[in-house]
Amino acid sequence: MKKQLRIRDILENTQKIDLQLTLITGREGIDKAITAIEINRPGLTLAGFFDYFAYDRIQIFGLGETAYIKQLSRERREEIYTKFFSYDIVCCVYTHNEYPDEVFIEYAKEHRVPTFVTQHPTTRFISLLTHIVEAAFAESVTIHGTLIDVFGIGILLIGKSGVGKSETALELIERGHRLIADDLVEIKKIDESLLMGSGSELIRHHMEIRGIGILNVRDIFGIRSVRNRKRIELVAELQEWDANTHYDRLGIEEQVYIILDIEVPYIIVPVRPGRNIPIIIETAALNQRLKKMGVFSAQELDKKIQEWIARENNNK
Amino acid sequence: MKEKKVKVKSDAGVHARPASILVREAMKFPCDIYIIKGQMEANGKSIMSVLGLAITKGSSLIIRANGEMEEEAVDRLSALIENDFAELASK
């Protein structure tokens, strides 16, 4: 599905980034959709070169553009603006708190192009804006699971209803780890290797524990027990123990779970009475951290054994 | 797999109590049940998941069931939503 982002959505962005924008034209056109992720600096265009004019992007006027326009005659400006606004411009932003000239404002109002002034310098503004726009256009999916930050590793717990995801998360929280979302995890593909998980804003940091009901984790365990978003680095599936299933005993081959075409390391944790699942999850997190640092326990032990066997064979 | 579209008519939307009724009914069926609103897909057997959808009056939902008794599950849950949870609330 092609996503749409309105100019209004940028102003009211969910990341709560303050772009320090002041709207200097009317509110008309504020519900226009932005279709291009990129931005454009219209320097060349203002100088009269209209080939390859990326008019469908957000137009950013920095100090250079503003200074250039200032030294043009009124006639020349009108000429340029007539041509500039003959394109279907989405929106214009002037940075460094520089206001456009009155001719520009007139044209912008006439063509219903929302024009803003921001206090931010150009580079800073572009980086903030890119952040908002990319997040809005990112592919996303919701997954039934629990996302928890264990020793800095974002672990997505999945498994059938009633297998104990929330209970496992509760004990992990009690042990000092942080909850991101329970039951409904929204996952966004930020780039080709990064999946960011967060919870629905409405129910953020709440959990349902059978027997108690709905809990506000932040109120009960404090601010240290929660965070709003976290990169997903490991998927752990809790499964009812089944004597007929073969569970991985070595962990030499890494298994992956695919979310939005990205491969995430994946483990299956069989659940049965007497197995302390939170401790297994904690250990899996530590093992994942080791792997990230290039230490692979299972493979290294195997290598050591093979070397020992080779040595023994030589001694025979 | 079975699916049905429903529209929420209740002024109160789906707040905690209707959600708990919905989940309780969903739990009676062995199949997997999903409630879909826009791009969000909630597990019909999880209270937090259903609440997280923020279902209000006028929300269009898709009830999807997959597995044993999927037909009955979809019929039961969509009837429940369309009838404003009336039959259960009165009990």
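Residues numbered from 1 in each chain as written. Chains lettered and ligands numbered in written order. Predicted model: local features only at pLDDT ≥ 70, side-chain atom pairs only at ≥ 80, totals over all residues.

**Considerations on the nonpolar core**
Stated formally: In plain words, the nonpolar core is the set of buried Ala, Val, Leu, Ile, Met, Phe, Trp, Tyr and Cys residues that C-beta atoms within 7 Å link up. As a rule, residues whose C-beta atom has 12 or fewer other C-beta atoms within 10 Å are exposed, those with 20 or more are buried, and those in between are partly exposed; C-beta atoms are placed from the backbone. What counts as a helix is a DSSP run of H or I of at least four residues, what counts as a strand is a run of E of at least two, and both are numbered from the N terminus.
Counting residues in hydrophobic clusters, the biggest one holds 58 residues, and the most contacted among them are Ile148(A), Ile155(A), Val50(B) and Leu77(B). With 6 residues, strand E10 (residues 178-191) of chain A is the single largest residue contributor to this core. Listed in part, the 24 residues of the second largest apolar core include Ile10(A), Ile58(A), Tyr81(A) and Leu129(A).

**A word on helix H7 (residues 165-174) of chain A**
The buried fraction of H7(A) amounts to 7 of the 10 residues, a majority that puts the element mostly inside the structure. A positive phi of about 100° marks Gly176(A), the residue just after H7(A).

**With respect to the interface of chain A and chain B**
To be explicit about the condition: Residues are defined as contacting one another if the C-beta atoms placed from their backbone atoms lie within 7 Å. Lys, Arg, Asp and Glu make up the charged group, whereas Ala, Val, Leu, Ile, Met, Phe, Trp, Tyr, Cys and Pro make up the nonpolar group; the residues left over, Gly among them, are polar.
Chain A puts 13 residues into the contact, and the matching count from chain B is 13 residues. Mapped by element, the contributors of at least two residues to the side of chain A that touches chain B are strand E8 (140-150), E10 and strand E12 (206-209) of chain A. Of the residues assigned to the side of chain A that touches chain B, the class counts are 4 nonpolar, 6 polar and 3 charged.

**Things to note about the sheet that holds strand E16 (residues 255-259) of chain A**
All names here are of chain A. Stated precisely, the cut-off is as follows: For two strands to pair, DSSP has to find at least two bridges joining them. Note on geometry: axes are lines fitted to C-alpha atoms, helical ones only across the stretch in contact, with angles between N-to-C directions running from 0 to 180 degrees.
The sheet built from 8 strands is open, its strands ordered E14-E11-E10-E8-E9-E15-E17-E16 with mixed pairing. Edge strands, defined here as strands with exactly one partner in the open sheet, are strand E14 (229-231) and E16. In this sheet, adjacent strand axes meet at a mean angle of 45° when their direction is disregarded. As judged from the 6 bridges shared by strand E15 (residues 234-240) and strand E17 (residues 262-271), these two strands associate in the parallel manner. When the bridges of E17 are listed, Glu240 appears paired with Val271. Relative to the sheet, helix H9 (residues 277-292) contacts E8, strand E9 (153-158), E15 and E17, its axis offset from that of E15 by approximately 150°.

**So, the sheet that holds strand E5 (residues 58-61) of chain A**
Residues and elements named next belong to chain A. Read across the sheet, 5 strands follow the order E2-E7-E6-E5-E4 without closing on themselves; strand pairing throughout is mixed. Edge strands, defined here as strands with exactly one partner in the open sheet, are strand E2 (21-23) and strand E4 (39-40). Of the strands in this sheet, E4, E5, strand E6 (92-94) and strand E7 (115-118) touch helix H6 (residues 122-137), which is tilted by about 160° from E5.

**Structural notes on the confidence of the model for chain A**
Just so we agree on the cut-off: Note: pLDDT gives the predictor's confidence per residue, expressed from 0 to 100.
Looking at chain A, pLDDT values average 89 and 98% of them are 70 or higher. Across chain A, element-level confidence peaks in E9(A) with a mean pLDDT of 96 and bottoms out in helix H1 (residues 7-11) of chain A with 81.

**So, the packing of H7(A) against H9(A)**
All names here are of chain A. Note the threshold: Roughly parallel covers angles under 35 degrees, roughly antiparallel covers those over 145, roughly perpendicular covers 65 to 115, and oblique covers all other angles. When the near helix sits turned anticlockwise from the far one by under a right angle, the crossing is termed left-handed; a clockwise turn instead gives a right-handed crossing.
One way to put it is that H7 packs onto H9 with a least axis distance of 9 Å and a crossing angle of 70°. Regarding the angle of H7 to H9, the classification is roughly perpendicular. You can see that H7 and H9 cross each other, and the crossing is right-handed. For the pair H7 and H9, the contacting residues are Thr168, Glu171 and Leu172 in the first and Ile277, Pro278 and Ile281 in the second. Partitioning the contact of H7 with H9 into residue classes produces 4 nonpolar, 1 polar and 1 charged.

**Some thoughts on the pairing of E16(A)**
Residue and element names in this part refer to chain A. Where E16 lies against E17, 5 bridges are found, and the strand directions are antiparallel. Directly across from Val256, in E17, lies its bridge partner Pro265. Hairpin geometry of E16 and E17 is characterised by an intervening segment of 2 residues between the two adjacent antiparallel strands and by a positive phi of about 50° at Leu260.

**Details of the environment of Arg41(A)**
All names here are of chain A. Mapped onto the fold, Arg41 is located in the loop between E4 and helix H2 (43-46). Sequence separation between Arg41 and Glu134 is 93 residues, and the spatial gap between their C-alpha atoms is 18 Å. With near-sequence residues (within four places) excluded, Arg41 lies in contact with Ile60, Gly62 and Glu65.

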